[in-house]
Amino acid sequence: MRQVLDRVGDKWSLLLIAVVEAGPLRYTDLQRQVPGISQRMLTLTLRQLREDGLITRTTYAEVPPRVEYALTPLGRGLHEIVTSLIDWAADHHDEIREHRARAAAPAGRS
């Protein structure tokens, strides 16, 4: 159970699940839509999500070769949960930032 939660709970997996839901996307589209992810981390995370059955990787015999990633039914089920988490984070971002600022303030200034 912990291995599954570790995998689906990491930030890159959550972001990729959210982005891929829009439909099949190419690798470069994913890079553009997930700011801050390195090429290495994108490749690793996509491989792990595929191994877990959350996304598919389809290669088309074209020149140059085209590869697309899409959610599986299992991944779509996870997407519903991810969307709720992202919505919650967006709704409470300012409040959490205020709490962090107060916690970081020197003692006696809060």
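Each value, and the rule that gives it
Residues numbered from 1 in each chain as written. Predicted model: local features only at pLDDT ≥ 70, side-chain atom pairs only at ≥ 80, totals over all residues. Heavy atoms only, no water. Helix = DSSP H or I, 4+ residues; strand = E, 2+ residues; numbered from the N terminus. Rg over C-alpha atoms; globule rule 2.2 N^0.38 Å. Buried < 20%, exposed > 50% of the residue type's maximum accessible area, 1.4 Å probe, protein only. Contact = heavy atoms within 4.5 Å. Areas by Shrake-Rupley, 256 points an atom, 1.4 Å probe, with all protein chains shown as cover. Phe/Tyr/Trp six-rings, centres within 6.5 Å; stacked < 30°, edge-to-face > 60°. Lys NZ or Arg CZ within 6 Å of the ring centre and 35° of its normal.

Novice: Kindly report on the overall build of the chain, identifying the contributing residues and their values.
Specialist: From N to C terminus, the chain includes five helices and three strands. Put simply, the chain runs from its N terminus to its C terminus through helices and strands in the order α-α-β-α-α-β-β-α. For 110 residues, the compact-globule estimate of 2.2 N^0.38 gives 13 Å, and the chain exceeds it by more than 25% at 17 Å. In terms of overall dimensions, the chain has C-alpha extents of about 65 × 30 × 25 Å along its principal axes. The buried share of the chain, reckoned over its 110 residues, is 29%. Considering only contacts within the chain whose residues lie at least 6 apart along the sequence, 46% involve residues at least 24 apart. A total of about 7800 Å² of accessible surface is found on the chain, and carbon and sulfur atoms cover 55% of it.

Novice: How would you explain the packing of aromatic side chains if you had to name every residue and give the values?
Specialist: Within the structure shown, the criterion is met by zero aromatic pairs. One Lys or Arg, Arg-66, reaches over the ring of Tyr-60 and ends 3.9 Å from the middle of that ring.

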